[in-house]
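Structure at a glance
Letter by letter, the chains look like this.
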Amino acid sequence: MDGAVVGVVLAVVLVLLVLRSGMRVVNQVERGVVFRLGKALPDFRRPGITFLIPFADRMRKVNVQVVTMPVPTQEGITKDNVSVKVDAVVYFRVTDPVRAAIEVQDYIFAVGQVAQSSLRSIIGKSDLDDLLTDRERLHEGLALMIDSPAAEWGIHIDRVEIKDVQLPESLKRSMSRQAEAERERRARVITADGEFQAAQQLANASRIMAETPEAMQLRLLQTVVEVAAEKNSTLVMPFPVELLRYFERATKRLDQEVEKNERELDGPAGPAGPAGPDALRAGIEQIAAVADKFGPTAELTAPKEPAAEPSAPVEQQ
């Protein structure tokens, strides 16, 4: 009786050991691919506890998380014959664990090699300006080139990005000089445009002031107000503007009187003929008196009376 109990206990322990050896735990981020007697089963094991047949089944766990794999720096020559060094990064994940386990020996290494060769191919097909400015299109093309062989391995390429483009030092200096020259050109164009607009506005203002002389006086008064606002400035106005205009009008009237008197002197003698020089002299003396009162003016002289022609000698009879 005791021997039977011991045998039952040993049998139970043996069964538990066998079951324990066939029990596996699959994590949430993994999928289990079961090989039974060397042949892969079509269905993979999902997360949780799973049981395998002892000595017959073997399970390989495949991670289905997104893998971030940096691509080493690749050196190449662009389409416009510029030597550059480019590095990138690839984001991919496993979509079919069975194919990823049996179609390729090491899918991470395989994706890395495809990414390197595709990056060198993209460098040779692109211009330098495309590598520096049009990267979105290059990212799409690079992802398509890598995804074509990776799809057969049960791998999906989420995204490929070019991280850095290393240029030769001589090319960097040339590009720097080009950018500086471009900025200088834009600055000169903007300055010239500003000068042109300012000249147009000044021309318009000059025409308006020429048509309306009072505008010049108003502008002068406005300038006086602006200058007087500064406490540390002194404004000196030695000569009134209105007095200058008075002299201008007086000079015009004087010229008209001189011309009138000259015409009268050249014409036949009349009742007003002898009085012409006297009136002209009196007008000049009045203007000179006003000029001496308000300030220095140009010297004004009255025209001399024409000398009388000597009469012919009278012949004596």
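Small disclaimer: the values here were computed from a predicted structure and weren't measured. (Residues numbered from 1 in each chain as written. Predicted model: local features only at pLDDT ≥ 70, side-chain atom pairs only at ≥ 80, totals over all residues. Heavy atoms only, no water.)

1. With respect to the pairing of strand β2 (residues 30-36)
Burial of β2 is extensive: 6 of the 7 residues sit out of reach of the surface. As paired elements, β2 and strand β5 (residues 57-63) share 7 bridges and run antiparallel to each other. Across the sheet, the residue bridging to Arg31 is Val62, located in β5. Inspection of the sheet shows β2 paired to strand β3 (residues 39-40) by 2 bridges, in the antiparallel sense. Across the sheet, residue Arg36 finds its bridge partner in β3, namely Lys39. (Buried < 20%, exposed > 50% of the residue type's maximum accessible area, 1.4 Å probe, protein only. Helix = DSSP H or I, 4+ residues; strand = E, 2+ residues; numbered from the N terminus. Pairing = 2+ DSSP bridges.)

2. Details of a nonpolar patch on the surface
Among the surface-exposed residues, Val5, Val9, Val13 and Leu17 lie close enough to one another that they form a single nonpolar patch of about 340 Å² accessible area. Its place among the elements puts Val9 in helix α1 (residues 2-22). Under the relative-accessibility criterion, Val9 is labelled partly exposed at 46%. (Patch = residues over 30% accessible without salt bridge, like charges linked within 9 Å, V, L, I, M, F, W, Y side chains within 5 Å. Areas by Shrake-Rupley, 256 points an atom, 1.4 Å probe, with all protein chains shown as cover. Salt bridge = Lys/Arg side-chain N within 4 Å of Asp/Glu carboxyl O.)

3. Description of the sheet that holds β5
Read from one edge of the open sheet, 3 strands run β3-β2-β5, paired in antiparallel fashion. The open sheet has two edge strands with one neighbour each: β3 and β5.

4. Describing the side chain of Ser118
Position of Ser118 among the secondary structure elements: in helix α3 (residues 107-125). You can call Ser118 buried: its relative accessible area is 5%. Contacts of Ser118, omitting those with residues within four sequence positions, involve Leu142, Met145 and Ile146. (Contact = heavy atoms within 4.5 Å.)

5. Focus on unusual backbone geometry
Positive phi, close to 55°, is recorded for Leu37, a residue that is not glycine. You can see Leu37 is positioned in the loop between β2 and β3. Residue Leu37 is classed as exposed on the basis of its relative accessible area, which comes to 72%. The phi dihedral of Asn81 is positive, around 60°, even though this residue is not glycine.

6. Concerning the nonpolar core
Within the largest apolar cluster, 38 residues are counted, with the highest numbers of intra-cluster contacts made by Val84, Val90 and Ile157. Secondary structure elements with two or more residues in this core: β2, β6 (67-77), β7 (83-94), α2 (97-102), α3, α4 (128-133), α5 (135-150) and β8 (155-166). Counting residues per element, this core draws most heavily on α3, which supplies 8 residues. (Core = buried A, V, L, I, M, F, W, Y, C linked by side-chain atoms within 4.5 Å.)

7. Some thoughts on the sheet that holds β7
Strand order in the open sheet formed by 3 strands is β6-β7-β8, with antiparallel pairing between adjacent strands. Each edge of the open sheet is held by one strand with a lone partner, namely β6 and β8. Going across the sheet, the axis of each strand differs from the next one's by a mean of 25°, ignoring polarity. Sheet topology places β7 next to β8; 10 bridges connect them, and they run antiparallel. Counted as the bridge partner of Asp87 is Asp164 from β8. (Axes fitted to C-alpha atoms, helices over the stretch in contact; angles between N-to-C directions.)

8. Thoughts on the pattern of salt bridges
One pass over the full model with this rule turns up 9 salt bridges. In this structure, the salt-bridge partner of Arg185 is Glu182, at a minimum N-O distance of 2.5 Å. Linking Arg185 with Glu182, this pair stays in helix α6 (residues 169-211), spanning 3 residues, or about one helical turn. What makes Arg185 partly exposed here is its relative accessible area of 45%.

9. Details of the packing of α3 against α5
Helix packing for two helices is described by the angle between their axes and how far apart those axes are. It is the contact of α3 with α5, at a shortest axis distance of 9 Å, that shows an interaxial angle of 140°. When the axes of α3 and α5 are compared, the pair comes out oblique. At the point where α3 passes α5, the crossing takes the right-handed sense. Together, Val114, Ala115, Ser118, Leu119, Ser121 and Ile122 of α3 and Leu138, Gly141, Leu142, Met145, Ile146 and Pro149 of α5 make up the contact between the two elements. Each residue belonging to the contact of α3 with α5 can be placed in one class, and the counts come to 9 nonpolar, 3 polar and no charged. (Parallel < 35°, antiparallel > 145°, perpendicular 65-115°, else oblique. Left-handed = near helix turned anticlockwise from the far one by under 90°. Nonpolar A, V, L, I, M, F, W, Y, C, P; charged D, E, K, R; others polar.)

10. Brief notes about the pairing of β6
Of the strand pairs in this sheet, β6 and β7 are connected by 9 bridges, and their pairing is antiparallel. Opposite Met69, over in β7, you have Val90 as the bridge partner. If you look at the hairpin formed by β6 and β7, you'll find 5 residues sitting between the two strands, and Asn81 has a positive phi there, around 60°.

11. A look at the confidence of the model for the chain
Residues with a pLDDT of 70 or more make up 77% of the chain, whose mean pLDDT is 77. At the low end of the mean pLDDT range in the chain sits helix α9 (residues 275-294), at 58; at the high end sits β7, at 91. Across residues 269-275, where pLDDT falls below 50, the model places 2 contacts with residues more than four positions away in sequence or in other chains. Within the model, pLDDT remains below 50 along residues 295-317, and this stretch shows 16 contacts once partners closer than five positions in the same chain are excluded. (pLDDT = per-residue confidence, 0-100.)

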